[in-house]
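# Descriptive analysis of the structure
So you can see what is in the structure, the chains are spelled out below.
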Amino acid sequence: MRNCGKNSLVLLLALSAILFLSSCSFSSSGNVSVKTSETADFGDSNEAIKNSEDIARRAVDFDHEPDDYKPLKDHYNFYFTYKTVHSWWDAVALGMEDAQRQYLDRGITITYEYMAPDGASAEDQIRRLKDAKDRNFDVIGVDVADADIISPILDEMVDAGYKVMTFSSSDAKEGCKRIAYVGNTHNYRDGADLTEALCKKLEYKGKVAILVGSVGAPCHEDRARGSKDTIAKYPDMEIVATEYDMDSVDLAYDLTIKILNDNPDLAGIICCNMSNPVGAARAAQKTGRDIVIVGMDHDREALHYLKDGVIYCLGVQDCYSIGFDTIRIAIKIADGNKPGELFKEKTDEITTVIYQEDAAVMLELLYGDE
Amino acid sequence: MKKQITRKTFITTAIVGSILLMAAVIVNAVMSTRRNSSATSEAVSEVSSFYLEAMADRRAKTVTNLISSNFDHMEKAVAYINAQGIKSEEELRSTLGNIKALLSLDRFALVDDVKIVHTQYTTYTGGSRHQFLSDENMDKLSVSTVSIYGSSKQMCLAAPTPGLKIAGKQYRESFVQIDVREIVDLLAFEDEGRTYFGIYSKNGENLSGTELGPHILTHNLFEALKGVIPEETEAENRSNFLNAVEGSISFAGEDTESTLCYVPIEDTDWMMVVLIRESVIRDRIRDISEKSLAMSKVQIAFTLIYSAVFFGVLMIMLKILLD
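Residues numbered from 1 in each chain as written. Chains lettered and ligands numbered in written order. Predicted model: local features only at pLDDT ≥ 70, side-chain atom pairs only at ≥ 80, totals over all residues.

Attention shifts here to the overall build of chain B. Helix and strand counts for chain B come out as seven helices and 10 strands. Here the C-alpha radius of gyration of chain B, 34 Å, is well above what a compact globule of 323 residues would show, namely 20 Å. Judged by the C-alpha coordinates and their principal axes, chain B covers about 120 × 45 × 40 Å. Relative to its full complement of 323 residues, chain B shows a buried share of 36%. Here the analysis covers contacts within chain B between residues at least 6 apart in sequence; of these, 56% occur between residues at least 24 apart. (Helix = DSSP H or I, 4+ residues; strand = E, 2+ residues; numbered from the N terminus. Rg over C-alpha atoms; globule rule 2.2 N^0.38 Å. Buried ≥ 20, exposed ≤ 12 C-beta atoms within 10 Å, placed from the backbone. Contact = placed C-beta atoms within 7 Å.)

All names here are of chain B. Split by domain assignment, chain B resolves into domain 1 (41-62 + 183-281) and domain 2 (65-179). The centre of domain 1, based on its C-alpha atoms, is set 33 Å off from the matching centre of domain 2. Only α1 (7-84) and α3 (180-187) provide two or more residues apiece to the side of domain 1 that touches domain 2. Taken together, the residues that form the side of domain 1 that touches domain 2 break down as three nonpolar, three polar and two charged. (Domains from an automatic or database assignment. Nonpolar A, V, L, I, M, F, W, Y, C, P; charged D, E, K, R; others polar.)

It is worth spelling out the sheet that holds strand β8 (residues 247-252) of chain B at this point. Residues and elements named next belong to chain B. The strand order across the open sheet built from four strands is β7-β10-β9-β8, with neighbouring strands paired in antiparallel fashion. At either margin of the open sheet sits one strand with a lone partner, and together these are β7 (195-200) and β8. Across the sheet, the mean angle from the axis of one strand to that of its neighbour is 20°, orientation sign disregarded. Examined bridge by bridge, β8 and strand β9 (residues 257-264) share six bridges and lie antiparallel to one another. What sits directly across from Gly-247, in β9, is Tyr-262. (Pairing = 2+ DSSP bridges. Axes fitted to C-alpha atoms, helices over the stretch in contact; angles between N-to-C directions.)

Residues and elements named next belong to chain A. Backbone geometry at Tyr-204 places phi at a positive 60°, although glycine is not the residue there. Relative to the helices and strands, Tyr-204 resides in the loop between α6 (187-201) and β6 (206-211). Among the residues examined, Tyr-204 registers 15 C-beta atoms within 10 Å and is labelled partly exposed. The phi angle at Asp-297 is positive, at roughly 75°, despite the residue not being glycine.

Time to look at the environment of Ala158(B). Residue and element names in this part refer to chain B. With respect to the secondary-structure elements, Ala-158 resides in strand β5 (residues 154-166). Given 27 C-beta atoms within 10 Å, Ala-158 falls into the buried group. The spatial distance from the C-alpha of Ala-158 to the C-alpha of Asn-137 is 9.5 Å, given a sequence separation of 21 residues. In this structure Ala-158 touches Phe-132, Ser-142, Glu-173 and Phe-175, once residues within four positions along its chain are discounted.

In structure tokens, the structure reads:
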């Protein structure tokens, strides 16, 4: 009886212990640490960027394909020379390469050289053109380094039977015999538009400076003329400095520092190429001066300055279309066609002025970041 | 002095013991249910991180292997070109084209000593276009990302070509470009849309063009998570990205919680990021939990029946003893 009672108690306690321990061991399997866990709610800001997306996608048109023209040959070999090694022309090259790929898909092989010196130089361009003449290219394309010097050379080449076209940012002088031009035909207006935006921002008063670019480069000079003519319309505005930065960021920076030191009350800078807005913005940041900067194109650093409000606006040229259309027109020229129904003597490509609110979308479109 | 066990003492012991046993069973059942639920949540996060880390690691290694094998290919290709005795630009273009086709590359090119790039179809001055052609990067192995002016994003592998001379001209570098979309195809596997992955740059920029879940999509990772994670968490993870340190972030989306895990890809400045919605793991764990719970119920029922039978046996034994 006594043993039986003791056994019963031991059995009950053992059962309880087993059940308790089993539940403990079961629950301990989840007793683990979490690496990182922070939570919050999502916000929705998509609506705000829709307009900017439209502007950015209109500014650079990546949707190109060859037209209905049937090339007469299955292989073309071109030579292109441009002002200077610079990322602006790298963007043009991407349009060219895409055209080359698309024609290749259609059975047309295009090979080409696309060459430039490290610094813009009419003399270097002359040397390159002379060299190209001896190498049997179907078409020679030139982004004119200096219209006064290069235009007569192009005339001579056309007279000698070479098929010569101009492309990208700078055409030859009016009356030049080159066959066609593909690129920006409204540099004067671009300079005027950017300057008008700057004047409005400054409420049409104050001192400004102009950074032109390369001496004699038609696109830079034309934009500078557009700027000067616009400033001249407003009596309370004054141009205190006009400098040539030779399309160099470093030189543009040095020149801007000097201009800022010489003019403590400077209100704005008009930049006529892709390099000088970067140099001007770096200088403004370095000196902490609050000035309105307007400039050209899509340099990644410049777009970041635009996003941060250091640059007020940028005139973005559609380099991709320039490159694609250059190849498209070069094929027609190589086949002996002249401007007319098949192509225009001047194929105009657009420039779009973008502001701070458009910068992030443009950065994402062109460089994949925001 | 020994006490006698009376009938009353025995019955009291049996009743108290049974009640204790029942109470223990019920308390255990309640505790188990509560702990089970909390453990499930913790396990979801832990499993998410563990699973994602393994997945990110595996994918990162795939990219590293791809880089390594391409550098090997480039070395062999340059040796092949050197042995061909090429005498003109036309011959060089043709050879580059053959190699490009053989290795399924978007671009295979050589760079001469004045930084002119020679490809199958073009010859161009490339100093401003290619990062690896800067003076500080030339003449060493480099892996960079090509992402300019709307072009498809590409991985660029460059290697020096010491001693390579073609038609009297010295060549300094060879490089290949691989479309990131092709790398993505290599990494993608059938996961029924439950996990997401992407390749990101140091600043959180999406390079692969793959959507990282319904909230982040293809946007910059940190821009997309702004306001969703605390600022200090964002700063910590930004720093991890910049310093190539692995980590993870959990955040609440519109209707579900998600966890993402990132690991640096060796030899590159890229991050492999993998994301999973926790509901996916929660659903899977719920199945396991439900099965466990059913087992517990059976166990409890068995214990109760066993106790009742045991109690009955004791009563019978007691009756026999007293008789």
